[in-house]
Number of protein chains: 6
Amino acid sequence: MSIKNESNKMVNGFPCKANVSADDFSFAGLANPGATNNTFKSKVTGANVQNIPGLNTLGVSMARIDYAPGGINPPHTHPRATEIVFVLEGELDVGFITTANVLISKTIKKGDVFAFPRGLVHFQKNNGKNPAAVIAGFNSQLPGTQSIATTLFGATPPVPDNVLTMAFQIGTKEVQKIKSRFAPKM
Amino acid sequence: MSIKNESNKMVNGFPCKANVSADDFSFAGLANPGATNNTFKSKVTGANVQNIPGLNTLGVSMARIDYAPGGINPPHTHPRATEIVFVLEGELDVGFITTANVLISKTIKKGDVFAFPRGLVHFQKNNGKNPAAVIAGFNSQLPGTQSIATTLFGATPPVPDNVLTMAFQIGTKEVQKIKSRFAPKM
Amino acid sequence: MSIKNESNKMVNGFPCKANVSADDFSFAGLANPGATNNTFKSKVTGANVQNIPGLNTLGVSMARIDYAPGGINPPHTHPRATEIVFVLEGELDVGFITTANVLISKTIKKGDVFAFPRGLVHFQKNNGKNPAAVIAGFNSQLPGTQSIATTLFGATPPVPDNVLTMAFQIGTKEVQKIKSRFAPKM
Amino acid sequence: MSIKNESNKMVNGFPCKANVSADDFSFAGLANPGATNNTFKSKVTGANVQNIPGLNTLGVSMARIDYAPGGINPPHTHPRATEIVFVLEGELDVGFITTANVLISKTIKKGDVFAFPRGLVHFQKNNGKNPAAVIAGFNSQLPGTQSIATTLFGATPPVPDNVLTMAFQIGTKEVQKIKSRFAPKM
Amino acid sequence: MSIKNESNKMVNGFPCKANVSADDFSFAGLANPGATNNTFKSKVTGANVQNIPGLNTLGVSMARIDYAPGGINPPHTHPRATEIVFVLEGELDVGFITTANVLISKTIKKGDVFAFPRGLVHFQKNNGKNPAAVIAGFNSQLPGTQSIATTLFGATPPVPDNVLTMAFQIGTKEVQKIKSRFAPKM
Amino acid sequence: MSIKNESNKMVNGFPCKANVSADDFSFAGLANPGATNNTFKSKVTGANVQNIPGLNTLGVSMARIDYAPGGINPPHTHPRATEIVFVLEGELDVGFITTANVLISKTIKKGDVFAFPRGLVHFQKNNGKNPAAVIAGFNSQLPGTQSIATTLFGATPPVPDNVLTMAFQIGTKEVQKIKSRFAPKM
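Residue numbering note: each chain is counted from 1, following its sequence as written. Working convention: letters from A go to chains and numbers from 1 go to ligands, in the order in which they are written. Residue-level local features of this predicted model are given only where pLDDT is at least 70; pairs of side-chain atoms are given and counted only at 80 or more, and the full residue set underlies all totals for whole chains, interfaces and linings. With hydrogens and water stripped out, all remaining heavy atoms of the structure feed into the side-chain values.

1. A short note on the UniProt feature "domain: Cupin type-1" (unreviewed entry) in chain A
UniProt positions are given in the numbering used here, feature names are shortened, and annotations may be inferred rather than shown by experiment. Per the UniProt annotation, the sites labelled "domain: Cupin type-1" (unreviewed entry) are residues 28-176 of chain A. Secondary structure across residues 28-176 of chain A divides into 13% helix and 38% strand, with the first and last C-alpha atoms of the span separated by 41 Å. Secondary structure elements are taken from DSSP: a helix is a run of H or I of four residues or more, a strand is a run of E of two residues or more, and numbering for both begins at the N terminus.

2. A word on the UniProt feature "binding site: Mn(2+)" (unreviewed entry) in chain A
Residue and element names in this part refer to chain A. Mapped onto the present numbering, the UniProt feature "binding site: Mn(2+)" (unreviewed entry) falls at His76, His78, Glu83 and His122. Across 47 residues of sequence, these annotated residues stay compact in space, with a maximum C-alpha separation of 11.7 Å. The residue His76 is located in strand E6 (residues 72-77) in this model. Sequence-distant contacts of His76, defined by excluding residues within four places in its chain, comprise Glu83, Leu120, Val121, His122, Gln124, Thr145, Gln146, Ser147 and Ile148. Under this definition, polar contacts are N or O atom pairs within 3.5 Å; protein pairs additionally need one hydrogen-donor-capable and one acceptor-capable atom, and for neighbouring residues in sequence, both atoms have to be side-chain atoms. Within the structure, His76 has its side chain in polar contact with the backbone oxygen of Pro74 (distance 2.7 Å). Following the sequence through the fold, His78 ends up in the loop between E6 and strand E7 (83-89). Whether two residues are in contact is decided by their heavy atoms, any of which lying within 4.5 Å being enough.

3. Digging into the interface of chain A and chain B
Listed by partner, the interface residues are 51 residues for chain A and 51 residues for chain B. Summed over both partners, the interface of chain A with chain B buries about 4200 Å², with 66% contributed by carbon and sulfur atoms. Note on definitions: buried area is the accessible-area loss of two parts on being combined, 1.4 Å probe, summed for both. Of all residues in chain A, the largest losses of buried area upon contact with chain B belong to Asn101, Met166 and Gln169 of chain A, amounting jointly to 15% of the total for that side. Any carboxyl oxygen of Asp or Glu that lies within 4 Å of a side-chain nitrogen of Lys or Arg is treated as forming a salt bridge with it. Here chain A and chain B share two salt bridges between them. Between Glu174 of chain A and Lys177 of chain B there is a salt bridge, with the nearest N and O atoms lying 2.7 Å from each other. Across the chain A-chain B interface, the total number found is 20 residue pairs in polar contact (both at pLDDT 80 or more). Elements with a minimum of two residues in the side of chain A that touches chain B: E6, strand E11 (122-125), helix H1 (148-153), helix H2 (161-168) and helix H3 (172-181) of chain A. Counting residues per element, the side of chain A that touches chain B draws most heavily on H1 of chain A, which supplies six residues. Polar here means any residue outside two lists: the nonpolar Ala, Val, Leu, Ile, Met, Phe, Trp, Tyr, Cys and Pro, and the charged Asp, Glu, Lys and Arg; Gly therefore counts as polar. By residue class, the composition of the side of chain A that touches chain B is 27 nonpolar, 18 polar and six charged.

4. Regarding the relation of the copies chain A and chain B
When the copies are superposed, the least-squares fit draws on C-alpha atoms of residues that have pLDDT of at least 70 in both. For the match of chain A to chain B, the screw axis carries a shift of 0.0 Å, the RMSD comes to 0.0 Å, and the turn is 180°. Such a combination of turn and shift is consistent with a two-fold rotation axis. No C-alpha of chain A approaches the rotation axis more nearly than that of Gly119 of chain A, which lies at 3.1 Å. Interface overlap between copies: 100% of the residues of chain A at the interface are likewise at the interface in chain B, consistent with a symmetric, same-surface contact.

5. Structural notes on the sheet that holds strand E11 (residues 122-125) of chain F
Pairing between strands requires that DSSP locate at least two bridges from one strand to the other. Read across the open sheet, the five strands follow the order E9-E8-E11-E6-E13 (chain F); overall the sheet is antiparallel. Of all strands in the sheet, those bounded by a partner on one side alone are strand E9 (103-109) and strand E13 (146-147) of chain F. As judged from the four bridges shared by strand E8 (residues 91-97) of chain F and E11 of chain F, these two strands associate in the antiparallel manner. Pairing of Asp93 of chain F across the sheet is with Lys125 of chain F, part of E11 of chain F. Think of each axis as a best-fit line through the C-alpha atoms, taken over the contacting stretch in the case of a helix, with angles from 0 to 180 degrees between the N-to-C directions. Here helix H2 (residues 161-168) of chain E sits on the sheet in contact with strand E6 (72-77) and E11 of chain F, set at roughly 85° to E6 of chain F.

6. A few points about helix H3 (residues 172-181) of chain E
The periodicity of an α-helix, 3.6 residues per turn, causes residues three or four places apart in sequence to face the same way. What H3 of chain E keeps buried is the set Glu174, Val175, Ile178 and Lys179 of chain E. Projected down its long axis, H3 of chain E shows its buried positions confined to an angular sector of 135°, all on one face. Exposed positions of H3 of chain E whose direction lies more than 90 degrees from the buried face are Lys173 and Ser180 of chain E. Buried-residue contacts for H3 of chain E involve helix H1 (148-153) and H2 of chain E together with helix H2 (161-168) and helix H3 (172-181) of chain F. Between buried and exposed lies partly exposed: a residue is buried under 20% and exposed over 50% of the maximum accessible area for its type, with that area taken using a 1.4 Å probe on protein chains only. Working note: the arc is built from the helix axis to C-beta atom directions.

Have a look at this one:
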């Protein structure tokens, strides 16, 4: 559906190109590890409809995630996709929590595959001494991500303190301390 | 698809009943306010395929949510549905956070309608002096819920401390204090 | 999918707004009873993508239906949605007919929930002495409605008499009498 | 998905056969005209998952409709499918009504194709002097049908008289007269 | 969804017309046999969203296929649809191959129906002495077709010889001979 | 939907397990290169619902494909999925053919991503001197595969010679020669 003869056509909110080439279906940006010198010592690099125009309407995308030793892809959800990962290198402690509040977790290592069901909170943590990396597949051209702590403590405008104190059963001071660490543009 | 002549048939993981009656399509359990004498001073009562068998395969359900003064339906997601609420009584501060980390929030009062997009973290808080209640509609026969704090700090087995310290940028002691408040079977 | 950075973008036949606010996700128009001083003594007020732009692509909507004593929401279908109702006040005799031509009906009262499966003919009638009202949830951003008698006897241009005489097994005079009561712009 | 190795398996409410043959994908029952010596002088013969087991999960089916001179396929809906017809022989006056209550109609003849959108009320009438027939395609393995007059005036148990008098703006006597013509098992 | 009040609107890559008429839902182009004086002695004529604008978003289409004696609709796939055919005249040897590499085949004659599951390679061959024709129904507004031999041996630019020699286990000379018969614009 | 309390339940043709563990969501079988000492000098190893039970209903799967130097994953289709690949090592010439019969091809190397749209014929060939490997993601729990030459020349029972001679414009002797190379159980 994404290959049409007319120009300037939009389908699904993205261009429906008149003349496609192989470049519309490929991406080189996952070849190298992402920079992990940040708070979470990890980096997610997407390969989705935003950098592969030909994926429009095709319902699939990928991402590469790199983790320095000690790094984490903190608890998050993808509102529009199930995720499945293949470990490129290293070792990761991964898990997701079911709607019955059961943690399903496992240590996975190079070559292992693990699936995180659609919409459920999940995480990966590199508790090893070496860098780790995975390739993730999604059943959405743009899965979207909500990183839980950043969403709750770093949104703009901020989520009200009294929502967070009650939700997490902590004091206002503690909420503000956490918020200070997720201040936008940090 | 949920009305068949054969007995003992399952469709979609739920019974496909041979003889249906109006009772398979109705539910009286939302008539009265749910009990709000709990931690969050709120109560969600579902009207989905678990108590309305005829909803199987039909893609819709409802819930009633009651909030005592000061009560909260803490930040949570529905992995399988968009939610739309109608305020039965009272006033609520509601909000959801987009994947661009923008808080979309509003004070809604009796008679107002508000929509929470599929999979996004959202909450409702009763900052008024009177009880509040909403009727929620979902585009799933069983939307599922992940209450964020309970999911992260109250799962069984527990999410590892070092995942939570790094995710929320807090100390182990603080994580354990929060966990103590979400201990299962509290 | 309905929140994009580019302007003037359309998705799904509706605007995909560049900057959204809480107003794009809320609607106050269901707060008060609709006017029921009409032929059917009832009024349907929609809360869908036409007045809540943020619902675009999200697959859900609501409506409020008011019924004066004796009022009816006459037999109709929604081509694109299952409906589930919650009774706000009063008492209603409701029903739908299955594809096996079985009437599934029940008297529902304040607080009851009842589901009408996708695409099936259904109705609600207030046989009580007091006004009644429901909040309806749909699994479509714009469910559409075909009110059967109005569709068949009030369409423009009119459905041919000989279709209706044969369909309803009545005479031309009777068809024309019914048509006169459903004349457009009445 | 409908071809599996295990026996006794059900998918989607229908058997998922262990060993399939060409007979599971074919049907000879549309070869001859259906008997039209009935009230509507027409006959619908389905070719769907009920007589072509291999169609299970495949989302498509067919039907043959025969019309004696003067015959009608009276106004009806398919809750789960769009319909497209090809005229095998004869000439038909066909139409559907939109949700804006506009009749879209046309006389179609041998070789013509016409589409009836999902869920909308539609009809075909043979106003010619010769028999007519169509082959219909549906995007559902079992589209389901609600023939409007039979649904409203011939359901079991019956739709209450006061629903029909008000809906059609006619008297109880007229309702009962119509009902007598749609009595079940006629 | 394809009937809107605004003009110049596109939905799904096709126009969403402001004012529709019956002509937007009909097509006369399947009335006569297509010309079969070609390599395959067969002709496929589509009745889809490209010539029936009203089909946009409705998920269904048709085609007529004519076969001279000895003609073939060579092995092909429809990437987006299941196909079901009704034999208008003549006799055909039809078949599809499952993902377990089993050929499901049958001789079908006038009036027979046969289904070809979504995405699987299938063919029809007229081994009789008379012309044959079918009407096909699809669960897509534009099913798309890949005729296998033409796809592999007639693409522009050409599929590399060494892909085809290895795939078919034949020599380069044989590949080039086949390619010469599928040269574009033949 | 795949985590239920009842035992012996089937959903979607696969078990819906009562008690799940991390093993239901993981698979170690992609860790090592598959054996490529075969006709095509390549090996596809799936990681789908057949070896990861927890994927049931989740719409995603993976595969690892290994290619010896000179190896090919010959032209094939996945009837139920789009595919996206990430090159683990080596270099591959890949391509797919559109429904307009245009070859979209490219040489991709370690770290590159390439997408093959749903249902279209595609291939990968290792024209380099070193082994190559990719990880593929699919938007189906079981995408299915039809390898074109094997499907047409190696099916059981065999596709009739006269279908293949006409389809490929070659002689019976040539067809039989190709068939001999795709004899089942070779």
